[in-house]
Amino acid sequence: MVNKERMLNTFMEYVRIDSETKNEKAIGERIIKDLKDLCLETYTDRAGEKLSSNGNNIYCFIPGTSDSKSMLFSAHMDTVVPGVGIEPYIDGEYVKSRGNTILGGDDKAGVVAILEAVRTLKESNLPHRPIEIVFSICEEGGINGAKEVEFSKLKSTAGVILDSGGSPGEIIVEAPGQTKLFAKVIGKAAHAGAHPEKGVSAIMVAAEAISEMKLLRVDNETTANIGTFKSEGPTNIVSPLVEIIAEARSRSTEKLNKQTEHMVECLKKS
Ligand SMILES: [Zn+2]
């Protein structure tokens with residue numbers, strides 16, 4: 001069984017170790033030591049050199065009790081700022097940060113959960129498949145550590161990343177790619193009562209463009225939406241300007257690009 005008290009104590013110790021992005025050396029050393037205490041060897045890559053960090057990604061491979069397919073577990077070691085001198089304390093059901101720092105539960109909670117799972121497996125002799133673990137650096141600000149992972153070292157075709165909000169048990173399977181569109185439709189102002197034919201209404205042009213767009217649920221992987229449609233002016237002036245802010249999302253990069261092009265094309269045509 002998972003030892004909750006041990007897990008909490010480890011968490012309190014881990015968040016006290018400063019590890020803002022690019023300063024993951026100390027937390028990495030502690031993780032390596034804790035894995036070593038479980039008789040587990042680790043491998044450290046050289047991602048830090050490329051990312052100007054003093055830390056590196058840490059890998060740990062645990063043979064399975066059967067030779068089924070391996071599973072990857074991963075969490076990141078770095079935190080956002082201000083994350084120096086964190087003083088955690090327990091307030092009822094919560095662990096909070098005293099002072100003016102973040103707590104660093106993102107993602108020490110993930111790191112500690114993986115470590116506790118490994119400790120539990122080790123002491124209980126439960127059967128398990130082969131396990132691969134990656135603790136990454138430089139996640140905040142672009143998932144840069146994970147991008148430098150030596151994937152040739154990994155055999156798993158499936159993995160679990162412990163790094164998200166939500167209630168326990170909630171799993172995020174895929175994160176969609178997203179594009180944001182900022183557009184200005186420029187018309188031509190004219191007096192709407194005296195010479196409306198001299199003007200070009202930006203509102204009418206923008207409305208026409210949007211009515212041509214495939215929006216909301218585009219297909220089972222793709223969505224699109226207009227979030228802002230802004231134009232302000234007196235009723236007696238043909239509107240010279242509309243600002244539009246829109247987005248498209250898709251789990252497929254190809255579809256995302258296609259949808260974005262489609263929206264831009266509709267605007268250009270009008
Ligand atoms: Zn995170």
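Enquirer: When you look at the pairing of strand E5 (residues 94-98) in this model, what are you seeing that I'm missing?
Expert: Two faces, one strand: in a regular strand the side chains alternate between the faces of the sheet. By the bridge criterion, five bridges tie strand E4 (residues 87-91) to E5 in an arrangement that is antiparallel. Within E5, the residue paired with Asp91 across the bridge is Tyr94. Count of turn residues in the E4/E5 antiparallel hairpin: two residues, of which Gly92 carries a positive phi of about 65°.

Enquirer: What's the story with the pattern of salt bridges in this structure? I'm lost.
Expert: For side chains bearing opposite charge, pairing can occur when the charged atoms are close. For the structure on display, the rule yields 13 salt bridges. Between Glu13 and Arg30 there is a salt bridge whose closest N-O contact spans 2.7 Å. Note that Glu13 is positioned in helix H1 (residues 4-15) and Arg30 in helix H2 (residues 25-36), a separation of 17 residues in sequence. Given the relative accessible area of 21%, Arg30 is considered partly exposed.

Enquirer: How do you make sense of the packing of aromatic side chains when you look at a structure like this?
Expert: Tallied over the full model, the rule gives two aromatic pairs. Note on Tyr43 and Tyr59: the rings are 5.3 Å apart at their centroids and 65° apart in plane angle, and the pair reads as edge-to-face. In this pair, Tyr43 sits in strand E1 (residues 42-44) while Tyr59 sits in strand E2 (residues 58-62), placing the two residues 16 residues apart along the sequence. The class for Tyr43 is partly exposed, based on a relative accessible area of 28%. Ring centres of Tyr59 and Phe61 lie 6.5 Å apart, and the angle between their planes is 35°; on these two criteria the pair is classed as tilted. You can call Phe61 partly exposed: its relative accessible area is 33%.

Enquirer: Honestly, the coordination of the zinc ion in this entry has me stumped. Any pointers?
Expert: For a metal with four tetrahedral donors the ideal donor-metal-donor angle is 109.5 degrees, whereas six octahedral donors ideally subtend 90 or 180 degrees. At the metal site, the zinc ion is ligated by His76 (NE2), Asp106 (OD), Asp163 (OD) and Asp163 (OD), and these contacts range over 1.9 to 2.5 Å. The coordination sphere of the zinc ion comprises four donor atoms, whose angles at the metal cover 55 to 141°; the geometry is irregular. Counting residues between consecutive donors of the zinc ion along the chain gives the motif H-x29-D-x56-D. Pair noted here: His76 is in strand E3 (residues 71-76) and Asp106 is in helix H4 (residues 105-124), with a separation of 30 residues, a long-range link.

Enquirer: Even after reading the chapter, I still don't get the domain arrangement of the protein, so can you show me in this structure?
Expert: One frequent convention defines the size of an interface as the accessible area lost when the parts assemble. Domains assigned within the protein are domain 1 (4-161) and domain 2 (177-269). Spacing between the C-alpha centres of domain 1 and domain 2 amounts to 45 Å.

Enquirer: Any chance you could explain the packing of H2 against H4 here in plain terms?
Expert: When two helices pack together, their arrangement is given by the angle between the helix axes and by the axis-to-axis distance. At a minimum axis separation of 11 Å, H2 and H4 run at an interaxial angle of 10°. The angle between H2 and H4 places the two elements in the roughly parallel class. Across the interface between the two elements, Ile27, Ile31, Asp34 and Leu35 of H2 pack against Lys108, Val111, Leu115 and Arg119 of H4. Per-class residue counts for the contact of H2 with H4 are five nonpolar, no polar and three charged.

Calculation criteria
Residues numbered from 1 in each chain as written. Predicted model: local features only at pLDDT ≥ 70, side-chain atom pairs only at ≥ 80, totals over all residues. Heavy atoms only, no water. Pairing = 2+ DSSP bridges. Helix = DSSP H or I, 4+ residues; strand = E, 2+ residues; numbered from the N terminus. Salt bridge = Lys/Arg side-chain N within 4 Å of Asp/Glu carboxyl O. Buried < 20%, exposed > 50% of the residue type's maximum accessible area, 1.4 Å probe, protein only. Phe/Tyr/Trp six-rings, centres within 6.5 Å; stacked < 30°, edge-to-face > 60°. Donors = N, O, S within 2.8 Å, 3.2 Å for Na, K, Ca; no water. Tetrahedral: all angles 85-135°; square planar, octahedral: opposite > 155°, others 65-115°. Domains from an automatic or database assignment. Axes fitted to C-alpha atoms, helices over the stretch in contact; angles between N-to-C directions. Parallel < 35°, antiparallel > 145°, perpendicular 65-115°, else oblique. Contact = heavy atoms within 4.5 Å. Nonpolar A, V, L, I, M, F, W, Y, C, P; charged D, E, K, R; others polar.

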